[in-house]
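# Architecture at a glance
Listed below are the residues making up each chain.
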Amino acid sequence: MEKEKTIGIKVFGWFFIIFSFLYLIAFPKIISSYYKLCSAMVGLPENINFIPKLTASTSVGFFLFLITGIGILKLKRWAYYVALFIPFMYFMGIIKNIWLFGLQSIMKPSLFFILLISIIILLFLMRKNIIEQFSADYITKKGRKLNPK
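Calculation criteria
- Residues numbered from 1 in each chain as written.
- Predicted model: local features only at pLDDT ≥ 70, side-chain atom pairs only at ≥ 80, totals over all residues.
- Heavy atoms only, no water.
- Helix = DSSP H or I, 4+ residues; strand = E, 2+ residues; numbered from the N terminus.
- Buried < 20%, exposed > 50% of the residue type's maximum accessible area, 1.4 Å probe, protein only.
- Contact = heavy atoms within 4.5 Å.
- Areas by Shrake-Rupley, 256 points an atom, 1.4 Å probe, with all protein chains shown as cover.
- pLDDT = per-residue confidence, 0-100.
- Core = buried A, V, L, I, M, F, W, Y, C linked by side-chain atoms within 4.5 Å.

### Here's the deal with the overall build of the chain
What the chain contains, in helices and strands, is five helices and zero strands. From first element to last, N terminus to C terminus, the chain shows the α and β order α-α-α-α-α. Of all 149 residues assigned to the chain, the portion counted as buried reaches 33%. In the chain, the share of contacts with a sequence separation of at least 24, taken over all contacts with a separation of at least 6, comes to 72%. For the chain, the exposed area adds up to about 10,300 Å²; of that, 72% sits on carbon and sulfur atoms.

Spelled out as structure tokens, the structure:
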């Protein structure tokens, strides 16, 4: 029996796939500016261990978003939980930047868009019909429901 996808699920899945390719393009620039800032604060040369970290971070992020987008289009439960975890990764990154660099590190316009995207992802995934489509309302495989009717 085929699960019926709503238009929102299709848009959300394609958003993750498109975002993975944008991540592949934009993330190297973001991470390079981050390492330049860190090396300037510590007084180290800019390119120490930079290329391996850049390649690993970019490829992991690209594959995470791409596979999650495909999983969302196929209504896989694991993709729902990965997509639910992604905004929390962004929130933890913001907290890490505040802890390392202080409150001035969050005074960027790009941070507003990251927070906006994270909140939209969380609000979309917490809707009752989305939870039911992914069959994510179960606690265990024995069938105990998280949201009993």
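Back to the write-up after that little detour.
### A short note on the confidence of the model for the chain
Averaged over all residues, the pLDDT of the chain is 77; the fraction at 70 or higher stands at 70%. Looking over the chain, one finds the lowest element-wise mean pLDDT in helix H1 (residues 7-42), namely 78, and the highest in helix H3 (residues 77-101), namely 85.

### Notes on the nonpolar core
Judged by nonpolar contacts, the single largest core of 21 residues is most densely connected at Phe12, Phe16, Ile72, Tyr80, Leu125 and Phe134. The set of elements that each furnish at least two residues to this core consists of H1, helix H2 (50-73), H3, helix H4 (109-125) and helix H5 (128-133). Apart from the residues lying within four places of it in its own chain, the contact partners of Leu125 are Phe12, Tyr80, Ala83, Leu84, Ile130 and Ile131.

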